[in-house]
Amino acid sequence: MSSPPELSLRGTVCRGRLLILFLLSAAVLWSLAPAAAVDRLALRLGDLASPMLALQRLSLEYESGAAVLRVDRLRLGRRQWRDLALRCSHATLTFDAVHCGAARLSVAGRVLPLVAELELAGDGRGELGLTFADGGRLGLTFEGGALRARADRLALDKLHAVLAGLDADIDTLFERFRPVATLDGELRWGADGNSPARVSIDVRLFDAGFGSADGLQAGESLELAISGTARALDDGWAWQGEVEWRHGAAYLHPLYLEAGPSVRAQGRLQGGVVVVERSEVALEGVGRLDASARVELDTAAVLELELELTNADLGVLGPRWIAPLIAPASADRMYFGGQLDGLLRLQDGVLAQIDARLEGAGFGFVGAAGGGGFALGPVGGTLAWHAGASTSSRLRIGGGQWERIALGSFELEASLDGRSLSLAPARLPVLDGALVIEHLTLAHTDAGWQGVGGVVIEPVSMPLLTEALEMPRMGGVLAASLPDVRVSPGEITLNGALVVSVFDGYLQATGLRLVEPFGVASHLSADIEGRRLDLSQLTDTFSFGSVTGFVDLSLAGLELVRWRPVAFDARISSSPGRYPRRISQRAVQNISALGGGGAMAAVQRSLLGIFDTFGYRELGLTCRLRAGVCMMDGVEGGARADGGFVIVRGGGVPALDVIGYNRRVNWNELVERLQRVMADNVSPELR
């Protein structure tokens, strides 16, 4: 039979139930068909609109078993596409149903590589199935005002390959992170009469992964279970849901995260803003974690965020969450312990409040070379910081350790005001002395923490200190007055004098500067002077032989990297004045070794085998260390025509000179041989 004349319907549906084109077409066909079937039909429909879906200029053409459904513009949520066409090679129109099989979908003239099948019934039921080349399927069912979308092994990367070029934002996302995933599950949307619309989702994402080009964000073998419901309100949606991370791991620089966490939350969606009214996060190491937030959808900006921790185990949270954030380069060397309760709040994306209570906490890190490192604990007390308000914090520290130096118990009390911190005077016991912080004020700038302070080191016994540092035992004390300590990001500068009373003389360090003192590339620079050091005590301490007299020391431009010297200009010379000056045969052998093996042999052929001690007038030795090589020289004005240099100038009876000839000495080899001299009492040999 022939169809009725071509019809043209124009109008706009502004509010009410969500209507999709398939159901509307079926309803029109059902109401217009005068008999059991039609062989030609053309419909021109107007615009359809709802909060989630809008279609403009719809048309349906049917003739002789083929049909074409056209949409000029489709909007779904905030995204839209133009010039859509569904071409059915096998179409059937009857009084009861519309069937479209072996259909092809095109967008903006591009035919998508999938097969579609459409079924519309006169009673208001409709089904659309999309089958992809890899076997994945997406099915849509509409019945009684309800829409159901079902995904079966739908590969998201294959889906994107089909839809590539249709949405610039999605294309950018896939290009940046290269995500892969398979999706199973369904989404339901429906409304009954005038009741509010309801949406439910229950899906599983598995075999998922992603990776950014710079390697700073990546995930593999991910599996997520997502479920939830939403109910339409007059001005938005009320929702609740759960996300469970079941498998896989992800790296979000600088954090490495593993499966296990889950989140239950509820809230509202209003005006493009997601409001998380309440959420519970299940996280290993945390007794309870509650969160609330407001997030802007378009920009993903966090307008408000509040996290509350209860009974958190720092031994679990510290390595995973704290260490990578505060010291990513040294995170694997840090360790934690104890319990934490806390509250963190962000306002407009900016930190606004931190409140924490510590109980039995411990913090520390292993030294860069596996040494003693640094540790504090147990630590108890409270920390409080509020933006725009003054707060106070107080901590009780039961003790600690720096390298092998033990610290006694002490307390720290601080006042915090916005981006600044003032530390009250504090005394930190160190061995039998103390480090006294007289004052310290810090401010946080865009570059990091900066500030000034004053520090005094009350006398510390050198015997105890050298024993703790596993050095040869020395007498004397260490003391310091550092009235101007300056702190800047990654750097500490000590303007003042650090004085060590040792060997009946003293050593004084000035211009002390520490860069990354706790990092893997720690750097120290300073100038050191020593005056009237007793050689007899010095040589006895280091088993170097016996020398009586006194020396002055100058160590300019000292630079240590990872606590090992890499540069300095050193000079040791006899102190001025009248005092006994004798040197033993053993000391002659060791000192001459610093000038080369040839010098030792020359001395042995003369008087070395006859006398036990010798007189000397002066001694001197210099070393200019650069690039691992020590450039040697001797007493001032002691250069010789044969290229040698005088290390010891003879005087008295019997007298001898010690001459060196090796001006270039490998620093590491020099240190190793001298250590052997002191440890094994063997004659050194330098080349």
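Before any of the text, the structure's been laid out above.
Residues numbered from 1 in each chain as written. Predicted model: local features only at pLDDT ≥ 70, side-chain atom pairs only at ≥ 80, totals over all residues. Heavy atoms only, no water.

A. The arrangement of the packing of aromatic side chains in detail. Applying the stated criterion across every chain yields a total of 4 aromatic pairs. The interplanar angle of 90° and the centroid separation of 6.1 Å between the aromatic rings of phenylalanine 336 and phenylalanine 363 together place this pair among those described as edge-to-face. Taken as a pair, phenylalanine 336 in strand β23 (residues 334–347) and phenylalanine 363 in strand β24 (residues 350–365) lie far apart in primary sequence, 27 residues in all. Geometrically, the ring pair formed by phenylalanine 550 and tyrosine 579 is edge-to-face, given 5.2 Å between the ring centres and 85° between the ring planes. Placement of the pair is phenylalanine 550 in strand β38 (residues 550–561) and tyrosine 579 in the loop between β39 (564–574) and β40 (582–584), with a sequence separation of 29 residues. Since its relative accessible area comes to 17%, phenylalanine 550 is described here as buried. Its end group placed over the ring of phenylalanine 206, arginine 204 keeps NZ or CZ at 4.0 Å from the ring centre. (Phe/Tyr/Trp six-rings, centres within 6.5 Å; stacked < 30°, edge-to-face > 60°. Helix = DSSP H or I, 4+ residues; strand = E, 2+ residues; numbered from the N terminus. Buried < 20%, exposed > 50% of the residue type's maximum accessible area, 1.4 Å probe, protein only. Lys NZ or Arg CZ within 6 Å of the ring centre and 35° of its normal.)

B. Representation of the nonpolar core in the model. Counting residues in hydrophobic clusters, the biggest one holds 54 residues, and the most contacted among them are Phe568, Ile583 and Val648. Excluding residues within four positions of it along the chain, valine 648 makes contact with Ile583, Ile591, Tyr616, Glu618, Leu619, Leu656, Asp657 and Val658. Counting residues in each nonpolar core, the second largest holds 40 residues, with Tyr62, Cys100, Val107 and Ala208 among its members. (Core = buried A, V, L, I, M, F, W, Y, C linked by side-chain atoms within 4.5 Å. Contact = heavy atoms within 4.5 Å.)

C. Region of interest: the pattern of salt bridges. Under the counting rule described, the total for this entry stands at 27 salt bridges. In this structure, aspartate 569 and arginine 626 form a salt bridge, with 3.4 Å as the shortest nitrogen-oxygen distance. Of this pair, aspartate 569 sits in strand β39 while arginine 626 is found in strand β41 (residues 613–626), placing the two residues 57 residues apart along the sequence. The class of arginine 626 is partly exposed, set by a relative accessible area of 34%. Here the salt bridges do not stand alone but share partners, grouping Arg148, Arg150, Asp152, Glu186 and Arg188 into one network. (Salt bridge = Lys/Arg side-chain N within 4 Å of Asp/Glu carboxyl O.)

D. Looking closely at the environment of valine 366. Among the structural elements, valine 366 can be located in the loop between β24 and β25 (374–386). Residues valine 366 and aspartate 332, spaced 34 residues apart in sequence, show a C-alpha to C-alpha distance of 8.9 Å.

E. Fine view of the side chain of serine 262. Checked against the element boundaries, serine 262 lands in strand β19 (residues 262–270). Aside from chain neighbours lying at most four places away, what touches serine 262 is Val243, Glu244, Glu280, Val281 and Ala282.

Keep in mind these values describe shape, not function.
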